[in-house]
Amino acid sequence: MSYQVSDTKKEDFRKYLERYGIVDALTKVLVGLYEQPDKPENPLEFIKHYLSGLNDLDAESLKAENSDLRKQVDELASRVDELTRCLVANNVAVPPRIVPTASAASAGAAGPGGASGATGAPGEGLDAQGDVGRATADGGVAVGAGEAAA
């Protein structure tokens, strides 16, 4: 009795693998490995690479693009902070700052001020250290409880 139940479960599992193309994919990767004239030193890596669908050029170009975009984000964040400091220095109301998402902040894309950023209150911006401050009448930036930054 249990022998028949076991065969039924195996048959159901085999049908499941066939229905979702797993059997075909595994067959193709094993045939590809078999047909390699020089067998790879690490067949498991060969199988992972084969099933991933990415070639080395795709992965490297994506990594390079990611790095370039991260640099661009950092440069733009620095420019925003620089312009914010100029606005504060000239007693111009600073527009609200978009607070980055948690994933951007953890990836280092938040720039100076971090995920807290400026709150967006009129006249509020970043001081020279990237901290939130409020423009004072003499052109300085009030930091904390009434301290003026140079």
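Residues numbered from 1 in each chain as written. Predicted model: local features only at pLDDT ≥ 70, side-chain atom pairs only at ≥ 80, totals over all residues. Heavy atoms only, no water.

Going by what an unreviewed UniProt entry lists, the chain is known as c-Myc-binding protein and is assigned to Catenaria anguillulae PL171. Check the Subcellular location (unreviewed entry) section of the UniProt entry for the chain; it says "Nucleus". In the Sequence similarities (unreviewed entry) part of its UniProt record, the chain is described as follows: "Belongs to the AMY1 family." (UniProt positions renumbered as here; feature names shortened; annotations may be inferred.)

Next up on the list: the confidence of the model for the chain. Mean pLDDT for the chain: 73, with 59% of residues reaching 70 or above. Within the chain, no element has a lower average pLDDT than strand β4 (residues 147-149), which sits at 41, and none a higher one than helix α2 (residues 22-34), at 92. Every residue in residues 104-129 is under pLDDT 50, and counting partners more than four places away or in other chains gives 57 contacts. (pLDDT = per-residue confidence, 0-100. Helix = DSSP H or I, 4+ residues; strand = E, 2+ residues; numbered from the N terminus. Contact = heavy atoms within 4.5 Å.)

Right, let's talk about a nonpolar patch on the surface for a bit. Side chains of F13, Y16, Y20, I22, L26, Y50 and L51 sit close together on the surface and give an oily, nonpolar patch of about 720 Å² of accessible area. Within the residue set of the nonpolar patch, elements represented by two or more residues are α1 (2-19), α2 and α3 (43-52). Note that I22 resides in helix α2. We classify I22 as partly exposed; its relative accessible area is 36%. (Patch = residues over 30% accessible without salt bridge, like charges linked within 9 Å, V, L, I, M, F, W, Y side chains within 5 Å. Areas by Shrake-Rupley, 256 points an atom, 1.4 Å probe, with all protein chains shown as cover. Salt bridge = Lys/Arg side-chain N within 4 Å of Asp/Glu carboxyl O. Buried < 20%, exposed > 50% of the residue type's maximum accessible area, 1.4 Å probe, protein only.)

Our focus in this paragraph is the pattern of salt bridges. Taken as a whole and judged by the stated rule, the model has 4 salt bridges. Between E18 and R14 there is a salt bridge, with the nearest N and O atoms lying 2.5 Å from each other. Remark: R14 and E18 occur in helix α1; sequence separation between them is 4 residues, near one turn of the helix. The closest approach of N and O atoms between E45 and K48, which form a salt bridge, is 3.7 Å. In this pair, E45 and K48 are both assigned in helix α3, 3 residues apart and thus about one turn of the helix distant.

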